[in-house]
Amino acid sequence: MTRIAITVLTFGALAVATALGVAWFAVSPPGGRWEPAVNSLALLAGITGIFAERWATQREQRKQAIESIRLEMARNRETLDGEAFRPSAPPGRRVYPRLIQSAVDSAFASGALTPRRDAELIDLLHRWRSAVSSVNRRLELTEMLVFTSASTESAERFHEALHGAGSFMRDVRSLLDETQTYLDSRTSD
Amino acid sequence: MAASERRLVDDLAKAIDGADFAWSLVLVGEDQRDKLAALTSDLLGKPSATGDGKQITSGYAYWGIGPTIAWAHACADPFYLVMKQSLDSFTRRWNEVRDHVGAGFHHVSFGVGTGHKDRLVLSHLLDRHPDLLYVPVDMSSEMLRLGTQQATTGLGLRGHRVAPVQLDFSLRDNLAAFRDLVHRVVGDEPVLYSLLGNTLANFDRDAELLADLTSITRPQDLFLLEVATTEALSEELAGEAVEEYERSHAYRKFVTSALMHNTDLTIRLDSVRFHGSVEGDRALKVKVVYQNQTGGDLVVMLPDRNRVPFPEHDTIRLYLTRKYARSALDRVVAEAGMRRVAVTHSDFQVARSAHGFGMDLLLLAPGGVPRRGDDPARDIWEN
Ligand SMILES: C[S@@+](CC[C@H](N)C(=O)[O-])C[C@H]1O[C@@H](n2cnc3c(N)ncnc32)[C@H](O)[C@@H]1O
């Protein structure tokens with residue numbers, strides 16, 4: 001409430017001052033016009049300055065958010081390509097590394113991405129977030145079942161299921177590919 | 001069954017159990033003259049330098065006392081890796097899958113060999129079913145006798161509960177007759193069938209053989225399958241598989257023993273050749289052939305006095321074996337209409353074979369792929 005009031009007051013005052021400045025310019029005798037002219041231009045610069053500053057900050061925030069998402073994706077790629085997730089890794093009891101999503105989360109929380117400009121990216125990231133939490137939850141279940149089972153065969157089965165043709169991990173990998181490609185294509189803007 | 005017939009069987013059982021002599025009651029399923037005719041016709045094949053004409057098919061390679069003894073020697077040879085490793089690691093692998101076999105099982109073993117593995121299987125089954133029936137099946141009566149004794153001596157299995165069957169199990173008609181026999185004897189009680197020691201790999205039509213063998217299982221039965229496996233497939237690995245067999249002198253003696261026994265050829269061990277290849281996306285294949293390298297044409301005489309020309313460079317395929325790609329195993333099993341209940345793998349712990357060769361022991365049950373809900377691993381990871 002107060003924010004709106006302050007905004008209305010500020011812009012209202014600026015608008016009134018500009019209007020008065022213009023009127024003053026009109027009624028001034030030709031020799032005395034310098035003062036109202038300078039006054040009006042200064043006001044105009046002040047108003048545009050506020051918007052320019054806002055715009056620049058937002059742009060900077062968005063750039064930072066995308067950059068940290070890009071880094072996070074690279075980290076996740078390393079994790080997925082790492083020893084633990086390699087089909088050739090020896091099957092056995094292990095604690096798997098997890099995928100991370102903090103940069104994505106904070107990008108959403110800070111509002112650095114705007115639906116107007118980044119609709120496609122936001123959609124991708126929403127899908128990625130839910131994939132990551134799903135993978136992490138499945139890994140947790142896997143570890144729990146493998147560690148509580150007495151047979152090594154159970155570890156093998158999970159190993160095979162995880163790397164199998166119909167495994168959820170495939171979708172996760174291709175979603176990561178898609179997101180990374182999208183981010184790379186956006187480097188220019 | 002009339003009372004007098006029952007008495008005969010009872011008396012026979014008592015006489016066998018009570019005697020100090022190692023009697024064994026063998027059921028012979030086939031006329032051995034037919035077998036000899038089949039062997040002869042296999043040796044009449046066209047000339048081929050690559051082992052695709054004349055051949056000694058699996059079963060005949062073990063047929064008779066000479067090959068039986070040679071096989072027992074080869075199994076004890078530390079250079080014959082597949083069998084050595086298979087025997088050494090069998091205890092551990094069997095221990096890992098055996099808990100999936102419930103109580104009350106009878107045991108049918110296809111291809112007893114030396115009987116060492118059957119012994120381990122039997123001693124576990126006997127604990128849970130002291131009155132079980134053990135039915136070793138083999139084409140070679142000598143192998144049957146040797147293997148059965150090794151498998152049963154001192155186990156406390158009474159003589160009349162052992163019913164060796166001399167039969168070529170690669171023939172479908174034989175299997176149909178055998179199935180009826182087994183089912184009549186055991187009724188509805190469950191049977192553990194086994195095909196161990198990579199025997200499956202010795203057959204040209206291995207997938208069909210497995211399907212035929214497993215087709216006699218009923219829902220309550222289980223099937224134990226042991227095969228040699230490889231992690232990957234390539235010409236280079238096929239070469240390494242060849243090397244593995246080439247190294248063993250005792251193995252060469254074994255593969256040539258059927259020739260020695262059934263022909264008048266003078267055997268030279270350096271005329272044994274090995275050919276490795278990749279068989280599609282499923283296995284590494286090794287063909288062992290005997291090549292005429294005497295520098296002249298020979299004529300070979302067979303036991304029925306038939307004479308077969310054996311020209312220079314011609315070959316006789318002595319043995320066929322494979323290492324299955326581990327990734328293809330599920331498909332092989334599924335095609336045979338089975339699903340796996342448990343599996344264990346053991347790598348060859350030899351520095352020279354760091355390439356993922358090993359043995360897999362699979363416990364199978366009839367009925368295809370497990371339904372969703374039977375397997376938490378798939379439930380969790382399949383989307
Ligand atoms: C490779 S050995 C395996 C022996 C044993 N199961 C082991 O694992 O040590 C194959 C056995 O199957 C038997 N055999 C091979 N082909 C056969 C056939 N067509 N019919 C019956 N027995 C056969 C051989 O006589 C031999 O005893």
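The rules behind the values
- Each chain carries its own residue numbering, running from 1 in the written order of its sequence.
- Here chains are named by letter from A upward and ligands by number from 1 upward, in the order in which they appear as written.
- Local features in a predicted model are, by the rule used here, given only for residues with pLDDT of at least 70; side-chain atom pairs are given and counted only at 80 or more, and totals for whole chains, interfaces and linings are based on all residues.
- Side-chain descriptors were evaluated using all non-hydrogen atoms of the structure, hydrogens and water having been removed beforehand.
- In this analysis, a patch consists of residues with relative accessible area above 30% that form no salt bridge, clustered at 9 Å for like charges and at 5 Å for the nonpolar side chains Val, Leu, Ile, Met, Phe, Trp and Tyr.
- Note on areas: these come from Shrake-Rupley sampling with a 1.4 Å probe, and a residue is covered only by the protein chains present in the view.
- Every case where a carboxyl oxygen of Asp or Glu lies within 4 Å of a side-chain nitrogen of Lys or Arg is listed as a salt bridge.
- When charges are tallied, Lys and Arg are placed among the positive residues and Asp and Glu among the negative ones, while His and the ends of the chain are skipped.
- Positions of charges follow a simple convention, taking NZ of Lys, CZ of Arg, CG of Asp or CD of Glu.
- Numbered from the N terminus, helices here are DSSP runs of H or I no shorter than four residues, and strands are runs of E no shorter than two.
- When accessible area is computed with a 1.4 Å probe and restricted to protein chains, residues below 20% of their type maximum are described as buried, those above 50% as exposed, and intermediate ones as partly exposed.
- Every residue pair with non-hydrogen atoms within 4.5 Å of one another is taken to be in contact.
- Buried surface area refers to the total accessible area, computed with a probe of radius 1.4 Å, that the two partners give up upon joining, counted for both partners together.
- Two N or O atoms count as a polar contact when they lie within 3.5 Å, although within protein this holds only if one can serve as hydrogen donor and the other as acceptor, and sequence-adjacent residues are included solely when both atoms are side-chain atoms.
- Each Phe, Tyr or Trp ring (for Trp, its six-membered ring) is paired with any other whose centre lies within 6.5 Å, and the angle between the two planes then decides the class: stacked below 30 degrees, edge-to-face above 60, tilted in between.
- Here, over-ring charges are defined by two tests on the NZ atom of lysine or the CZ atom of arginine: distance to the ring centre within 6 Å, and angle to the ring normal within 35 degrees.

J.: When you look at a positive patch on the surface in this model, what are you seeing that I'm missing?
T.: Residue and element names in this part refer to chain A. The grouping of Arg59, Lys63, Arg116 and Arg117 at the surface amounts to a positive patch. At the level of elements, helix H2 (34-81) and helix H4 (115-148) are the ones that each hand at least two residues to the positive patch. Tracing the chain through its elements places arginine 117 in helix H4. Judged by relative accessible area, which is 41%, arginine 117 ranks as partly exposed.

J.: How do you make sense of the interface of chain A and chain B when you look at a structure like this?
T.: One widely used convention gives an interface's size as the accessible area the parts lose upon coming together. Of the residues lining the interface, 19 residues belong to chain A; the matching set on chain B comes to 17 residues. The largest per-residue losses of area from chain A upon contact with chain B belong to Arg138(A), Glu153(A) and Arg157(A), which jointly make up 35% of the total buried on that side. Inspection of the chain A/chain B interface yields two salt bridges. The interface formed by chain A and chain B contains four residue pairs in polar contact (both at pLDDT 80 or more). Within the residue set of the side of chain A that touches chain B, elements represented by two or more residues are H4, helix H5 (152-163) and helix H6 (168-185) of chain A. In terms of residue count, the dominant contributor to the side of chain A that touches chain B is H5(A) (eight residues).

J.: I would appreciate a short explanation of the environment of Asp347(B) in the present structure.
T.: Residue and element names in this part refer to chain B. Structurally, aspartate 347 can be placed in strand S13 (residues 338-347). Residues aspartate 347 and glycine 358, spaced eleven residues apart in sequence, show a C-alpha to C-alpha distance of 4.2 Å. Ignoring anything within four residues of it in the chain, the contact list for aspartate 347 reads Gln85, Gly356, Phe357 and Gly358.

J.: What's the story with the packing of aromatic side chains in this structure? I'm lost.
T.: Two descriptors summarise a pair of aromatic rings, namely the distance from one centre to the other and the angle between the planes of the rings. Using the criterion set out here, one finds 20 aromatic pairs over all chains in the structure. Summarising the aromatic geometry, the rings of Trp71(B) and Tyr80(B) are spaced 6.2 Å apart at their centres and angled 75° between planes, so their arrangement reads as edge-to-face. Between Phe254(B) and Tyr319(B), the ring centres sit 5.7 Å apart and the planes meet at 80°, which makes this aromatic pair edge-to-face. One end of the pair, Phe254(B), is in helix H10 (residues 249-262); the other, Tyr319(B), is in strand S12 (residues 315-325), with 65 residues separating them in the sequence. You'll find Phe254(B) and Tyr319(B) in the same group, each marked buried. Ring-pair connections join several aromatic residues into one group, and the members of that group are Tyr62(B), Trp71(B), Tyr80(B), Tyr245(B), Tyr251(B), Phe254(B) and Tyr319(B). Positioned over the ring face of Phe25(A) is Arg33(A), at 5.2 Å from the centre of the ring. Note that Arg94(A) overlies the ring of Tyr96(A), its terminal NZ or CZ placed 5.8 Å from the centroid.

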